[in-house]
Amino acid sequence: QKEVEQDPGPLSVPEGAIVSLNCTYSNSAFQYFMWYRQYSRKGPELLMYTYSSGNKEDGRFTAQVDKSSKYISLFIRDSQPSDSATYLCAMSVFSGGYNKLIFGAGTRLAVHP
Amino acid sequence: DTGVSQDPRHKITKRGQNVTFRCDPISEHNRLYWYRQTLGQGPEFLTYFQNEAQLEKSRLLSDRFSAERPKGSFSTLEIQRTEQGDSAMYLCASSSGTGSPPDTQYFGPGTRLTVL
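Below, the structure is looked at part by part. These figures come from a predicted structure and were not determined experimentally.

### Thoughts on the overall build of chain B
Part 1 of the reasoning: Within chain B, the secondary structure is distributed over 0 helices and 11 strands.
Part 2 of the reasoning: The helix and strand sequence of chain B, counted from the amino end, reads β-β-β-β-β-β-β-β-β-β-β.
Part 3 of the reasoning: Its C-alpha atoms give chain B a radius of gyration of 14 Å, within 12% of the compact-globule value 13 Å for 116 residues.
Part 4 of the reasoning: Overall, chain B is about 45 × 25 × 25 Å in size when its C-alpha atoms are taken along their principal axes.
Part 5 of the reasoning: A separation threshold of at least 6 residues defines the contact pool for chain B, and within that pool the share at least 24 residues apart is 54%.
Part 6 of the reasoning: Taken as a whole, chain B presents about 5,800 Å² of accessible surface, with 44% of it coming from carbon and sulfur.
Part 7 of the reasoning: Measuring between centres, the 14 positive side-chain charges of chain B sit 7 Å from its 13 negative side-chain charges.

### Thoughts on the interface of chain B and chain A
Part 1 of the reasoning: Contact with chain B, which involves 23 residues of that partner, is made by 22 residues of chain A.
Part 2 of the reasoning: Note on chain B versus chain A: buried area summed over both sides is about 1,800 Å², and carbon and sulfur give 53% of it.
Part 3 of the reasoning: Connecting chain B to chain A are 1 salt bridge.
Part 4 of the reasoning: Here B:Glu56 ties to A:Lys100 by a salt bridge, and the two come within 3.1 Å at their closest N and O atoms.

### Thoughts on the packing of aromatic side chains
Part 1 of the reasoning: All told, the structure shown has 16 aromatic pairs over all chains when counted by the stated rule.
Part 2 of the reasoning: Consider the rings of A:Tyr98 and B:Tyr48, whose centres lie 4.0 Å apart with planes at 25°: the pair is stacked. Of this pair, A:Tyr98 sits in strand 10 (residues 98-103) while B:Tyr48 sits in strand 5 (residues 44-50), placing the two residues on different chains.
Part 3 of the reasoning: A network of ring pairs unites the aromatic residues A:Tyr36, A:Tyr98, A:Phe103, B:Tyr33, B:Tyr35, B:Phe45, B:Tyr48 and B:Phe107 as a single cluster.
Part 4 of the reasoning: Directly above the aromatic system of A:Tyr49 lies the positively charged group of A:Lys56, at a separation of 4.4 Å from the ring centroid.
Part 5 of the reasoning: Of note, B:Arg22 hangs over the ring of B:Phe74, and the distance from its end group to the ring centre comes to 4.0 Å.

### Regarding the nonpolar core
Part 1 of the reasoning: Formed by 26 residues in total, the largest nonpolar core has its most connected members in A:Phe30, A:Trp35, A:Ile72, A:Leu74, A:Ile76, A:Tyr87 and A:Met91.
Part 2 of the reasoning: Where this core is concerned, the elements lending two or more residues are strand 3 (19-25), strand 4 (32-38), strand 5 (45-50), strand 7 (61-66), strand 8 (71-76), strand 9 (85-95) and strand 11 (107-112) of chain A.
Part 3 of the reasoning: Sorting elements by how many residues they give to this core places strand 9 of chain A first, with 5 residues.
Part 4 of the reasoning: Beyond its immediate stretch of four places on either side in the chain, A:Tyr87 contacts A:Gln6, A:Leu21, A:Tyr36, A:Arg37, A:Leu47, A:Phe61, A:Leu74, A:Ile76, A:Gly106, A:Thr107 and A:Leu109.
Part 5 of the reasoning: With 19 residues, the next largest nonpolar core counts B:Phe21, B:Cys23, B:Leu61 and B:Ala67 among its residues.

### Quick look at the pattern of salt bridges
Residue and element names in this part refer to chain A.
Part 1 of the reasoning: Throughout the structure, instances matching the rule amount to 8 salt bridges over all chains.
Part 2 of the reasoning: The salt bridge partner of Asp83 is Arg60, with a shortest N-O separation of 2.9 Å. Taken together, the residues Asp83 in the loop between strand 8 and strand 9 and Arg60 in the loop between strand 6 (54-58) and strand 7 connect sequence positions 23 residues apart.

### Considerations on the state of the cysteines
Part 1 of the reasoning: This model, assessed by the stated rule, comprises 2 disulfides over all chains.
Part 2 of the reasoning: Here A:Cys23 pairs with A:Cys89 through a disulfide, and the sulfurs are 2.0 Å apart. Classification of the bridge connecting A:Cys23 and A:Cys89 rests on its S-S torsion, roughly -100°, and on that basis the disulfide is left-handed. With A:Cys23 in strand 3 and A:Cys89 in strand 9, the pair connects residues that are 66 residues apart, well separated along the chain. There is no split in this pair, since A:Cys23 and A:Cys89 are both buried.
Part 3 of the reasoning: Paired by a disulfide, B:Cys23 and B:Cys92 hold their sulfur atoms 1.9 Å apart. Here B:Cys23 and B:Cys92 share a disulfide; its torsion about the S-S bond, -65°, makes the bridge left-handed.

### Considering the sheet that holds strand 8 of chain A
Residues and elements named next belong to chain A.
Part 1 of the reasoning: Reading across from one edge, 1-3-8-7-6 is the order of the 5 strands in this open sheet, with antiparallel pairing throughout. The open sheet terminates on both sides in strands that have one partner only, identified here as strand 1 (4-6) and strand 6. When the angles between neighbouring strand axes are averaged without regard to direction, this sheet yields 20°.
Part 2 of the reasoning: Relative to strand 8, strand 3 runs antiparallel, the two being bridged by 6 bridges. Looking at the pairing, Ser20 lines up with Phe75 of strand 8.

Thresholds applied
- Residues numbered from 1 in each chain as written.
- Chains lettered and ligands numbered in written order.
- Predicted model: local features only at pLDDT ≥ 70, side-chain atom pairs only at ≥ 80, totals over all residues.
- Heavy atoms only, no water.
- Helix = DSSP H or I, 4+ residues; strand = E, 2+ residues; numbered from the N terminus.
- Rg over C-alpha atoms; globule rule 2.2 N^0.38 Å.
- Contact = heavy atoms within 4.5 Å.
- Areas by Shrake-Rupley, 256 points an atom, 1.4 Å probe, with all protein chains shown as cover.
- Lys, Arg positive; Asp, Glu negative; His and termini not counted.
- Charge placed at Lys NZ, Arg CZ, Asp CG, Glu CD.
- Buried area = accessible area lost by both parts, 1.4 Å probe.
- Salt bridge = Lys/Arg side-chain N within 4 Å of Asp/Glu carboxyl O.
- Phe/Tyr/Trp six-rings, centres within 6.5 Å; stacked < 30°, edge-to-face > 60°.
- Lys NZ or Arg CZ within 6 Å of the ring centre and 35° of its normal.
- Core = buried A, V, L, I, M, F, W, Y, C linked by side-chain atoms within 4.5 Å.
- Buried < 20%, exposed > 50% of the residue type's maximum accessible area, 1.4 Å probe, protein only.
- Disulfide = S-S within 2.5 Å.
- Pairing = 2+ DSSP bridges.
- Axes fitted to C-alpha atoms, helices over the stretch in contact; angles between N-to-C directions.

Below, the structure is given as structure tokens:
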């Protein structure tokens, strides 16, 4: 079993829809929970991170963490065609003097006009 | 900051050949990471440098792989005797190592390797 599980999709939604992306994890030692966005043929870019259970909002994006269920979510409100990308969840644990990142497989999202 | 850069962006090679990739991190970032990403998967950790010291290597990094970071600036990743299974996107990331947690890793655009 992988430490981080993420449904690869693809997910196709109309413009303006609310999108929900999810990951589960098994390692209780994970300290930070991140969402990266990766456009085709580009490197991942950090969208948001959080370290505690609860919600964190940034514009149209809301990250949610439930440590008791080992479940994290990213919600995108008023989705736009420019949001079409692969969304990667990542968890970090402090090990060997640095924050080691473990990524999910990524969910491919397509927002159509 | 100009961001993390990688060169080349694409590399096509024949099985058995050696290839070398270069990564230039964000200036003054003392931590550098290499990842491998195959189609439909997330990035997988390969190795980590603190300045010029290679401090961790994944079991994914077989004896055919070697990474260096001379003088703690740019880094190179070499794959010897390439195999078709080495075809993947190789991503480099850097972080400052001095800021508050989680010490955000910034990724480069990647080098896409195709082994024929």
